[in-house]
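Given next are the chains, with one letter for each unit.
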Amino acid sequence: MTKRWTVLVAVGLLAAAGCADPQTNASSTSGDASVVAFDTSAKQEHVTSPKVDSIAAELPADVRDSGKLIVGNGSAGGGLPPLGFTADDNKTPIGVEVDIAYLVASVLGLKAEIDTTSWENLFLGLDSGKYQVGISNIGVSELRKEKYDFATYRLGLHAFEAKKGSGLKITGPADISGKTIAVSSGTLQEAILVDWNKQNVAAGRKPASLKYYQQASDTYLALESGRIDLYLGPNPNASYHVATQDKTEIVGTVSSSYPVQGLVGITTKKDNGLVKPLADALNAAIADGSYAKVLKKWGLEAEAVPKSLVNPPGLPKDKQK
């Protein structure tokens, strides 16, 4: 049975985050809202774009002749919406990463074949050649660039989520001073908060108190009950939670690669000849508007990029997890 989740989401809030400062940006807390429906059915339509012969001609001959784009997606075990997750039939992969795969493949004149695997096996598959590309919220980093090429397609953002109507606005370290914030241990989000606390202490401000929960449900219960002020996690997951539950709001974002701008990229084995046609295909989709349709479908307009870049600066090696 087809299931569509119709929810209220502050569209202005999401759009504002996309045009603010590239390292940290705050979201508007205006009450303007629109209805957004997320289609979680297996038979949903994927956004595509016409084949561009000149870009398809850039492909390595073996890939072009195969007619396929073999895509690894690390969302095994159900995944996390809206990135990559399982449809209502409990087997079909859907989400923004899957739609990006279909979109890019259409420009290249290829058929996308999505293989869902674990995060660790995704990179093993890229290394072995089992997957031609990985599309799975993979952030560009200087360490990863030693082995892989990247064609960027989304901003990498973390989001500060607060109880709806909190009145909070997070733009930088001073705004978290004295706050109680939930974060997952050992993550880039935690490293950012630790860095911001050091800045607060150096400036004579009270540091934030960090709290750790094993389950997302426990985190959100603490947030909604007022036991914590904020939760810092990946922006796509926060956006989806805000949209589907209507109990919390995004009150600011920070780059996933702070202090440099985080970018998410289609990932492929270094120097295999795929990265340029991938970037060109993405730029063709950006130009014709189909790329924007994919992000809008999943409520991720805030993460839109104006242009796909090949191997831009990424997360510094000393911050790589």
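Within the structure shown, the criterion is met by 12 salt bridges. In this structure, the salt-bridge partner of Lys147 is Asp127, at a minimum N-O distance of 3.1 Å. Of this pair, Lys147 sits in the loop between β9 (133-134) and β10 (148-163) while Asp127 sits in helix α5 (residues 119-128), and the two are 20 residues apart along the sequence. The partner of Lys276 in a salt bridge is Asp280, and the shortest N-O contact between them spans 2.8 Å. With Lys276 and Asp280 both in helix α9 (residues 275-288) and four residues apart, the pair spans about one turn of that helix.

This next bit is on the sheet that holds strand β5 (residues 79-80). As a general point, the strands of a sheet are linked pairwise by backbone hydrogen bonds and lie either parallel or antiparallel. Within the open sheet, the three strands sit side by side as β5-β6-β7. Their pairing is antiparallel. Here the strands that pair on one side only, and so sit at the sheet edges, are β5 and β7 (93-94). With two bridges joining them, β5 and strand β6 (residues 84-86) adopt antiparallel strand pairing. Looking at the pairing, Leu80 lines up with Gly84 of β6.

This part is about the packing of helix α4 (residues 96-107) against α9. Closest axis-to-axis distance for the α4/α9 pair is 9 Å, and the angle between their directions is 100°. The orientation of α4 relative to α9 falls into the category roughly perpendicular. Along its contact with α4, which presents Ile100, Leu103, Val104 and Val107, the element α9 presents Leu278, Ala281, Leu282, Ala284 and Ala285. Residues that form the contact of α4 with α9 fall into these classes: nine nonpolar, no polar and no charged.

This part covers the packing of α4 against helix α10 (residues 290-297). Relative orientation of the contacting elements α4 and α10 amounts to 160°, with a least axis distance of 9 Å. By the angle class used here, α4 and α10 are roughly antiparallel. Where α4 crosses over α10, the two elements pack in a sense that is right-handed. Residues Val96, Asp99, Ile100 and Leu103 of α4 lie in contact with α10, whose contacting residues are Ser290, Tyr291, Val294, Leu295 and Lys297. Class assignment for the residues of the contact of α4 with α10 results in six nonpolar, one polar and two charged.

Reading the values: the criteria
- Residues numbered from 1 in each chain as written.
- Predicted model: local features only at pLDDT ≥ 70, side-chain atom pairs only at ≥ 80, totals over all residues.
- Heavy atoms only, no water.
- Salt bridge = Lys/Arg side-chain N within 4 Å of Asp/Glu carboxyl O.
- Helix = DSSP H or I, 4+ residues; strand = E, 2+ residues; numbered from the N terminus.
- Pairing = 2+ DSSP bridges.
- Axes fitted to C-alpha atoms, helices over the stretch in contact; angles between N-to-C directions.
- Parallel < 35°, antiparallel > 145°, perpendicular 65-115°, else oblique.
- Contact = heavy atoms within 4.5 Å.
- Nonpolar A, V, L, I, M, F, W, Y, C, P; charged D, E, K, R; others polar.
- Left-handed = near helix turned anticlockwise from the far one by under 90°.

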